[in-house]
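Understanding the architecture of this molecule
Residue-level listing of the chains:
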Amino acid sequence: MITTDRLTMLPLQVEYARAMAKVLADPNLYTFTGGEPPTVGGLEARYARQIEGPGREDEQWLNWVIQHDDDLIGYVQATITSRTAEIAWVIGTAWQGRGYAKEAAQGLVTWLRTQDVDRIIAHVHPEHTASAAVAAAVGLSRTEVLEDGEYLWSTERQAR
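Residues numbered from 1 in each chain as written. Predicted model: local features only at pLDDT ≥ 70, side-chain atom pairs only at ≥ 80, totals over all residues. Heavy atoms only, no water.

**A short note on the sheet that holds strand E4 (residues 71-81)**
- The strand order E1-E2-E3-E4-E5-E6-E8-E7 describes an open sheet built from eight strands, whose pairing is mixed. A single partner strand is all that each edge strand has here, and the edge strands are strand E1 (2-3) and strand E7 (141-147). (Pairing = 2+ DSSP bridges. Helix = DSSP H or I, 4+ residues; strand = E, 2+ residues; numbered from the N terminus.)

The following block contains the structure:
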């Protein structure tokens, strides 16, 4: 569990699928990432796979749902390979614009810095200004590396 002033990041459980399907139901959430709102059954299967992990010794999947008061409002995740953590965050549209993404991502980054991680990265679509602002706020710098239509953001400034 990771906590911040307003949020608690709870380790992922399959039981969260029903509530998270509602959080992730707005098609606008997928404007920059692609995909579509998941079904409860689809999330249950995804969460079971994520909890099981990649099955590779050199890779870890870490996933949390974000709780504010008694509501689940989104998620954060980190995939760790070779001492690099790739992070991502999603806040349901009903809770956007209140600083929750920044707070949750900062909580994740702060926690990752206590782990065996040397580098933190994220991929952000060039037009997704809100996610770019979150990445910058948590200490990542945009590089000129474009992968699958998204810029690589990194704690390594020389990666430009």
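**Some details on the layout of surface pockets**
- Volume-wise, the largest pocket comes out at about 1100 Å³.
- Lining of the largest pocket is provided by 44 residues; of these, Thr33, Trp89, Val90, His128 and Ser131 occupy positions nearest its centre.
- Counting only elements with at least two residues in the lining of the largest pocket, the list comes to helix H2 (40-52), strand E3 (59-68), E4, strand E5 (84-91), helix H3 (100-112), strand E6 (119-124) and helix H4 (129-137).
- Sort the elements by how many residues they give to the lining of the largest pocket and E5 lands first, with six residues. (1 Å grid on protein atoms, 1.4 Å probe; cavity = no way out; pocket = protein on both sides within 12 Å on 5 of 7 lines; lining within 4 Å. Points joined across faces, edges and corners; volume = space filled by probe spheres on them.)

**With respect to the nonpolar core**
- Grouped together as the largest cluster of nonpolar side chains are 48 residues, with contacts concentrated most on Met20, Leu24, Ile87, Trp89 and Leu112.
- Of the residues forming this core, the biggest block, seven residues, is contributed by H3.
- Among all residues touching Leu24, those that are not within four sequence positions of it are Leu29, Tyr30, Pro37, Pro38, Leu43, Tyr47, Tyr75 and Val90. (Core = buried A, V, L, I, M, F, W, Y, C linked by side-chain atoms within 4.5 Å. Buried < 20%, exposed > 50% of the residue type's maximum accessible area, 1.4 Å probe, protein only. Contact = heavy atoms within 4.5 Å.)

**Details of the pattern of salt bridges**
- For the structure on display, the rule yields five salt bridges.
- Close ionic contact of Glu59 with Arg56 constitutes a salt bridge, the shortest N to O distance being 2.9 Å.
- The exposure class of Glu59 is buried, given its relative accessible area of 17%.
- A salt bridge links Arg83 to Asp118; the nearest nitrogen and oxygen atoms lie 2.5 Å apart. Within this pair, whereas Arg83 is found in the loop between E4 and E5, its partner Asp118 is found in the loop between H3 and E6, the two being separated by 35 residues in sequence. (Salt bridge = Lys/Arg side-chain N within 4 Å of Asp/Glu carboxyl O.)

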